[in-house]
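Here is what each chain is made of, one letter per residue.
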Protein chains: 2
Amino acid sequence: MEIIREISLLRARVKEARSQGKLVGLVPTMGCLHQGHLALLDKAKAENGLTILSIFVNPIQFGVGEDYEEYPRHLESDATQVEKAGGQIIFAPTVKEMYPQGYATYIDVERLTAGLCGASRPHHFRGVTTVVAKLFNIATPDNAYFGQKDAQQALVIQRMTKDLNMNVLVHIMPTVREADGLAMSSRNSYLSLAERKAALILSQTLKQVAEKIRGGERDASAIQAFIVEKISLEPLATIDYAAVVDTEEIRPLKEISGRTLIALAVRFGKTRLIDNIILEV
Amino acid sequence: MEIIREISLLRARVKEARSQGKLVGLVPTMGCLHQGHLALLDKAKAENGLTILSIFVNPIQFGVGEDYEEYPRHLESDATQVEKAGGQIIFAPTVKEMYPQGYATYIDVERLTAGLCGASRPHHFRGVTTVVAKLFNIATPDNAYFGQKDAQQALVIQRMTKDLNMNVLVHIMPTVREADGLAMSSRNSYLSLAERKAALILSQTLKQVAEKIRGGERDASAIQAFIVEKISLEPLATIDYAAVVDTEEIRPLKEISGRTLIALAVRFGKTRLIDNIILEV
């Protein structure tokens with residue numbers, strides 16, 4: 001397992017792999033790896049001859065007052081995990097390597113980024129799409145893997161990839177959960193014990209929502225009202241949003257039909273968690 | 001010579017050429033080809049095994065009230081010229097092929113697009129960078145060729161390519177001029193005879209500016225004042241801008257030093273023409 005910090009060196013490794021006829025897989029992460037990331041790595045390893053896991057806490061996707069400085073960074077233990085999982089390359093560039101002096105270019109995906117996390121984090125997705133485009137151009141993967149936990153992010157990246165004719169297949173993999181249902185997230189480490197317990201309300205609510213919809217509920221506002229009522233009962237939880245949207249345009253639905261994303265963002269103290277389900281209705 | 005309209009077919013041709021070890025060169029144009037375009041094509045042919053000249057009048061780089069509808073389209077005579085010049089492929093996609101329903105993604109290069117043509121054409125460069133990124137991702141060229149006549153465009157594309165780590169070498173080729181000095185442009189066809197004659201003021205002024213700077217003039221505002229005075233003497237000309245800027249950030253200079261772009265945009269009736277020189281000072 002090799003940790004690469006320079007863009008030019010990664011390009012050389014990719015070129016070498018390509019000359020051997022290998023497919024290239026990329027798992028973009030911000031590090032502080034958990035089972036969710038490792039499931040992406042496993043899938044990438046199964047489908048590609050060379051797998052690159054990138055670790056880069058991307059400053060331009062954090063807003064003012066967000067947790068860029070505090071975001072957990074554990075490159076050493078991340079490297080141990082990647083090595084144990086049989087990963088080949090960690091690409092961990094510096095901020096200066098990614099955004100040298102004079103940097104000026106940003107990618108926006110309109111409409112799909114206006115609601116949900118985009119509403120409370122106005123420049124977040126522009127930062128995400130920009131860094132992912134850069135990583136795609138540097139690693140030139142055949143396949144890239146993202147977790148469904150960040151559903152809006154994954155859908156926005158799929159849209160960008162299609163719109164800009166990038167030659168990358170973007171895979172969205174199922175959310176990996178703790179035994180009690182909490183979606184794995186690097187930000188779970190911020191939670192106090194009480195908040196950790198309270199955070200179960202997310203997966204529990206989504207499970208009940210899935211049952212309701214499978215049981216025939218098609219009124220999006222009834223589902224939203226149910227979510228708000230349910231989460232309001234948890235005193236440590238403050239709702240940021242509860243959305244029922246389509247997966248193409250990420251637009252609020254009135255009547256639930258087709259591929260539907262039910263997504264939540266909820267604050268527990270200073271920690272903002274997200275979770276979601278996608279249903280074929 | 002082959003005219004290709006589908007993205008997937010162009011990709012197949014490029015893949016075939018790559019498998020034969022050929023370099024790929026791209027000349028992006030909006031058609032209505034003139035000697036300037038053909039000089040780019042010649043250069044591309046000399047440096048690449050497969051040369052693609054794209055013809056696409058890109059709607060998203062035209063503003064409301066600009067000349068998108070009137071922009072000259074002559075695919076047949078363009079094809080004759082490309083064939084005669086020994087070109088191999090014209091890529092001429094439809095608007096629907098490039099921007100299918102649901103399209104949402106745009107690329108912005110900040111700062112460098114704020115002044116000059118960006119000031120009077122607010123969404124122009126976002127349209128240019130977006131379509132060029134798409135063409136780069138579709139044709140995956142090793143080399144791409146742009147004319148210096150559109151100097152700001154070329155510098156903005158170089159910046160995007162570098163910022164987004166695109167694996168394309170962007171070449172800026174010298175402006176090709178008519179015998180009397182007028183920079184070749186598809187928009188020259190809009191000019192009346194009197195306007196055509198008046199338009200010589202652009203290249204004449206720039207020539208005198210070059211002489212002044214070579215003669216030691218370093219005061220950018222003196223150069224600007226000279227340009228404004230000179231062009232104001234031409235009754236058919238209305239100045240849009242006269243700029244003296246650096247070529248990295250395209251920022252106005254006070255004192256001329258380093259690589260310097262002197263760029264003009266001037267209206268003759270309804271026709272807006274641009275011209276420029278770049279000097280090493």
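Quick note: structure is the one above.
> Describe the interface of chain B and chain A, naming the residues involved and giving the relevant values.
In this complex, chain B contributes 27 residues to the contact, which on the side of chain A involves 27 residues. When the two sides are added together, the surface that chain B and chain A hide from each other amounts to roughly 2,400 Å², 42% of it contributed by carbon and sulfur. When the buried area of chain B at its contact with chain A is split by residue, Thr105(B), Leu164(B) and Asn165(B) rank highest and sum to 25% of it. For the pair chain B and chain A, the interface holds four salt bridges. Inspection of the chain B/chain A interface yields 24 residue pairs in polar contact (both at pLDDT 80 or more). Elements supplying a minimum of two residues to the side of chain B that touches chain A: helix H1 (7-19), strand S5 (105-109), helix H6 (124-139) and helix H7 (151-163) of chain B. Residue composition of the side of chain B that touches chain A, grouped by class: twelve nonpolar, six polar and nine charged. Bridge analysis of strand S5 (residues 105-109) of chain A against S5(B) gives five bridges, and the strand direction is antiparallel. Residue pairing across strands places Tyr106(A) opposite Asp108(B), the latter belonging to S5(B).

> Could you give an account of the packing of helix H1 (residues 7-19) of chain A against helix H6 (residues 124-139) of chain A, naming the residues involved and the relevant values?
Residue and element names in this part refer to chain A. Where H1 contacts H6, the two axes come as close as 8 Å, and the packing angle between them is 50 degrees. Classified by the angle between their axes, H1 and H6 sit oblique to one another. Where H1 abuts H6, its residues Ile 7, Leu 10, Arg 11 and Val 14 lie against Asn 137, Ile 138 and Ala 139. Counted by class, the contact of H1 with H6 contains five nonpolar, one polar and one charged residues.

> Tell me about empty space enclosed by the protein, and please be specific about residues and values.
All names here are of chain A. Scanning the model with the defined rule gives one cavity of 30 Å³ or more in all. Empty space within the largest cavity amounts to approximately 30 Å³. What lines the largest cavity is simply Ile 60, Gln 61, Phe 62, Gly 63, Glu 66, Arg 121, Pro 122, His 123 and His 124. For the lining of the largest cavity, a count of residues per class yields three nonpolar, four polar and two charged.

> Got a sec to walk through the side chain of Asp246(A)? Specific residues and values, please.
Residues and elements named next belong to chain A. Turning to its location among the elements, Asp 246 is positioned in strand S8 (residues 237-246). For the buried Asp 246, no salt bridge is present, and the opposite-charge side chain at shortest range is Arg 251, 4.6 Å distant. Among the polar contacts listed, one links the side chain of Asp 246 to the backbone nitrogen of Glu 248, at a separation of 2.9 Å. Those residues within four positions of Asp 246 in sequence are excluded, and the remaining contacts are Arg 251, Leu 253 and Arg 259.

Cut-offs applied
Residues numbered from 1 in each chain as written. Chains lettered and ligands numbered in written order. Predicted model: local features only at pLDDT ≥ 70, side-chain atom pairs only at ≥ 80, totals over all residues. Heavy atoms only, no water. Contact = heavy atoms within 4.5 Å. Buried area = accessible area lost by both parts, 1.4 Å probe. Salt bridge = Lys/Arg side-chain N within 4 Å of Asp/Glu carboxyl O. Polar contact = N/O pair within 3.5 Å; in protein donor to acceptor, adjacent residues only side chain to side chain. Helix = DSSP H or I, 4+ residues; strand = E, 2+ residues; numbered from the N terminus. Nonpolar A, V, L, I, M, F, W, Y, C, P; charged D, E, K, R; others polar. Pairing = 2+ DSSP bridges. Axes fitted to C-alpha atoms, helices over the stretch in contact; angles between N-to-C directions. Parallel < 35°, antiparallel > 145°, perpendicular 65-115°, else oblique. 1 Å grid on protein atoms, 1.4 Å probe; cavity = no way out; pocket = protein on both sides within 12 Å on 5 of 7 lines; lining within 4 Å. Points joined across faces, edges and corners; volume = space filled by probe spheres on them. Buried < 20%, exposed > 50% of the residue type's maximum accessible area, 1.4 Å probe, protein only. Lys, Arg positive; Asp, Glu negative; His and termini not counted.

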